Each structure stands twice: as structure tokens, then as C-alpha cells.
Amino acid sequence: MESIPDTAIWAGAAIIGYLLGSIPFGLVITQLAGLGDIRAIGSGNIGATNVLRTGRKDLAAATFLLDSGKAGLAALLFAFLFADRIPAIGLFAGAMAFIGHCFPVWLQFKGGKGVATYAGLLFAAVWQIGLFAAVCWLTVAFLARRSSVAALTTALFVPVVAWGLNLSLIHVLILVALTALVFWRHATNIKRILDGTEPKFGQGKSKTTDAEAPAP
């Protein structure tokens, strides 16, 4: 391993992380279950929340675990192999999996919003932040009754917590970039939050809302 240049390690983390992240498990699982193309229902999302709209909680749970796991696998693999040389390499590989999920090459770069994938990379790369993110998401979701509000609030605090834990600047910058991407992917949700039309848990989305939603 010592003979591998650092640039090759960074490149490998980027490519392997991205390819792992770009596997559209929600789409694959629902098609294998005979439910058709998940992108044709609800918000068009390939993630667990939209899979749940099929009425199959088991498939939604499987999608969440697999979407989390692909980022976790990328982070753990590169951390195990190269963290002694490049401490942030695991987080970087997981971040690339997050980007792969949001912009999968197999689906014309139209992927998910990445909340499950973000959770997986945090738990695998920096478990303390992953634990904070889980508690924060659950608390805000309980109070606000909106998944998007919980995701956005949690993403906003993650880099702050990383800074408070005295992680390196590169760790913090990666997390800042991912938070910015989370907000970008939730642009339509933010608009609905501001105008008071973002649905709470248990409320169905209107046809107009679904039509306006981007392929998350």
C-alpha cells in the first residue's frame, strides 16, 4: 500500500465511492418486486420515502438500509486501507457515494436526495456525528412533523458539530459541501416550507406538488 501515490488513493476513493453510491437500490428493489418504476409514482424519488408510498414498508426499510450501507461501505473500506496516511479519505469516499446517489450515471444523473446515504457515511466515517445526526433528525422530526425540516436542520448542524469535535479542516469542508448539496437537493421542499405547503407526516402530497417536485 505504501507504494500507491496519494493522488491515486484520492482518485480511487472518488471513482469507487461514486460508483457504489450510484447504485439505485430503490429502483432495483421495486422493479424486482414487480411494482414497476418507482420514478413514476409520488415525488419520483428513488429513495426509501417514495418506496414507502407503494405500501411496502419492508421494501422501504430495505432501500433505506442499502442506501445507507453503500456510503458506509465506501467510507469503511477506504478508512481501513488508507486512514493512517490520509485521515479524511473514508469521509471523502462516503461523500462521493452521496454524490453518486444524488447524480447516478445510470439514470441520467437524476437520483435521490441522499438523506439515507448521508446518514450511512456519517456513522461509518465519524460515528459521533452520525449519532448526533440521528438524535437531531428524530427530535426535529417529532417536533416539526416534517421529514424535510428534520433533514435540513440536521445537515445544517453537522459541520458545526465537526468543528466542535476539532476535526481537521478538510473534514469540516467536506461536510460543509455536503450540507450545501443537501440544501440544493431540497430546494423544492424549502420553497414549500416557506409558503406553508410542505406536508407533514401522514399527509399526502397534492398532484401539483408531485408534479413540481424535482427527481430527488
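Right above here is the structure, for reference.
Scoring rules and cut-offs
Within each chain, residues carry numbers counting from 1 in the order of the written sequence. Totals for whole chains, interfaces and linings use all residues, but because this is a predicted model, local features are given only for residues with pLDDT of at least 70 and pairs of side-chain atoms are given and counted only at 80 or more. To get the side-chain values, all heavy atoms of the structure are used, and hydrogens and water are removed first. Counting from the N terminus, the helices are DSSP H or I runs at least four residues long and the strands are E runs at least two residues long. Each residue is placed in one exposure class: buried if its accessible area under a 1.4 Å probe, protein chains only, is under 20% of its type's maximum, exposed if it is over 50%, and partly exposed if it falls in between. We call two residues in contact when some of their heavy atoms are within 4.5 Å. Per-residue accessibility takes into account occlusion by the displayed protein chains alone, with areas from the Shrake-Rupley method and a 1.4 Å probe. Neither His nor the chain termini are counted; the positive set is Lys and Arg, and the negative set is Asp and Glu. Lysine's charge is taken at NZ, arginine's at CZ, aspartate's at CG and glutamate's at CD. Stacked, edge-to-face and tilted are the three classes for Phe, Tyr and Trp ring pairs, Trp counted by its six-membered ring, which pair at centre distances within 6.5 Å; planes under 30 degrees apart are stacked, over 60 edge-to-face, the rest tilted. Disulfide: a pair of cysteine sulfur atoms within 2.5 Å of each other. Helix axes use the C-alpha atoms of the stretch in contact, all axes being lines fitted to C-alpha atoms, and the angles between their N-to-C directions lie in the range 0 to 180 degrees. Angle categories: roughly parallel below 35 degrees, roughly antiparallel above 145, roughly perpendicular from 65 to 115, and oblique for all the rest. Each residue gets one label: Ala, Val, Leu, Ile, Met, Phe, Trp, Tyr, Cys and Pro are nonpolar, Asp, Glu, Lys and Arg are charged, and the others, such as Gly, are polar. Should the near helix be turned anticlockwise from the far one by less than a right angle, the crossing is left-handed, and should it be turned clockwise, the crossing is right-handed. Taking the helix axis as origin, the arc is that swept by the directions to the C-beta atoms.

**Q** Would you explain the overall build of the protein chain in this entry?
**A** For the protein chain, the count of helices and strands is 11 helices and 0 strands. For the protein chain, the α and β elements follow one another from N to C terminus as α-α-α-α-α-α-α-α-α-α-α. Taking the principal axes of the C-alpha coordinates as reference, the protein chain spans close to 55 × 40 × 25 Å. Here the protein chain holds 216 residues, and the buried ones make up 46% of them. At a minimum sequence separation of 6, the contacts of the protein chain that also span at least 24 residues come to 64%. Approximately 10,700 Å² of the protein chain is accessible, and the part contributed by carbon and sulfur atoms is 70%. If the 16 positive side-chain charges of the protein chain are averaged to one point and the 10 negative ones to another, these points end up 10 Å apart.

**Q** Can you help me understand the packing of aromatic side chains in this one?
**A** The description of an aromatic ring pair rests on the distance of the ring centres and on the angle between the ring planes. Applying the stated criterion across every chain yields a total of 4 aromatic pairs. With a centroid separation of 5.8 Å and 40° between ring planes, the pair formed by F103 and W184 is classed as tilted. Placement of F103 in the loop between α5 (89-102) and α6 (115-125) and of W184 in helix α9 (residues 169-185) is noted, with a sequence separation of 81 residues between them. Using a relative accessible area of 18% as the deciding quantity, one classes F103 as buried. For W184, a relative accessible area of 57% translates into the label exposed.

**Q** Would you take a moment to explain the state of the cysteines for this structure?
**A** As used in these notes, a disulfide is a covalent bond between sulfur atoms, one from each of two cysteines. Within this structure, the stated rule accounts for 0 disulfides. Not part of a disulfide, C102 finds its nearest cysteine sulfur in C136, a span of 19 Å. Accessibility expressed as a relative area gives 0% for C102, which makes it buried.

**Q** How should the packing of α9 against helix α10 (residues 187-195) be read in this particular structure?
**A** Here α9 crosses α10 at 65°, and the two axes come no closer than 4 Å. When the axis of α9 is compared with that of α10, the two are roughly perpendicular. When α9 is examined against α10, the residues F183, W184 and R185 are found in contact with a partner set consisting of A187, N189 and I190. Split by residue class, the contact of α9 with α10 holds 4 nonpolar, 1 polar and 1 charged.

**Q** Just checking my understanding: could you explain the packing of helix α4 (residues 57-82) against α6 for this structure?
**A** Between two packed helices, both the angle of their axes relative to each other and the distance between the axes serve to describe the pair. At a closest axis distance of 7 Å, the pairing of α4 and α6 adopts a crossing angle of 40°. When the axes of α4 and α6 are compared, the pair comes out oblique. Judged by the twist between their axes, the crossing of α4 over α6 is right-handed. Taken together, the residues of α6 that come into contact with α4 (itself represented by F64, D67, S68, K70, A71, G72, A75 and L76) are A116, T117, G120, L121, A124 and A125. Here the residues of the contact of α4 with α6 are counted per class, giving 8 nonpolar, 4 polar and 2 charged.

**Q** Can you help me understand unusual backbone geometry in this one?
**A** What is expected of a backbone is that most residues other than glycine have negative phi and most peptide bonds are trans. The backbone phi angle of Q108 is positive, close to 55°, even though this residue is not glycine. Mapped onto the fold, Q108 is located in the loop between α5 and α6. Phi at R145 takes a positive value of approximately 60°, unusual for a residue other than glycine. As for its placement among the helices and strands, R145 is situated in the loop between α7 (127-144) and α8 (147-164). You can call R145 partly exposed: its relative accessible area is 37%.

**Q** Help me understand α10, please; the structure alone is not making it clear to me.
**A** Every α-helix carries 3.6 residues per turn, so stepping three or four residues along brings you back to the same face. Listing the buried residues of α10 in full gives T188, N189 and R192. The buried residues of α10 occupy an angular sector of 100° when the element is viewed end-on, so they sit on one face. Across from the buried face of α10, at angles greater than 90 degrees, the exposed residues are K191 and L194. With its phi angle positive at about 80°, G196 sits one or two positions after the end of α10.

Function cannot be read off these values alone, since they describe shape.
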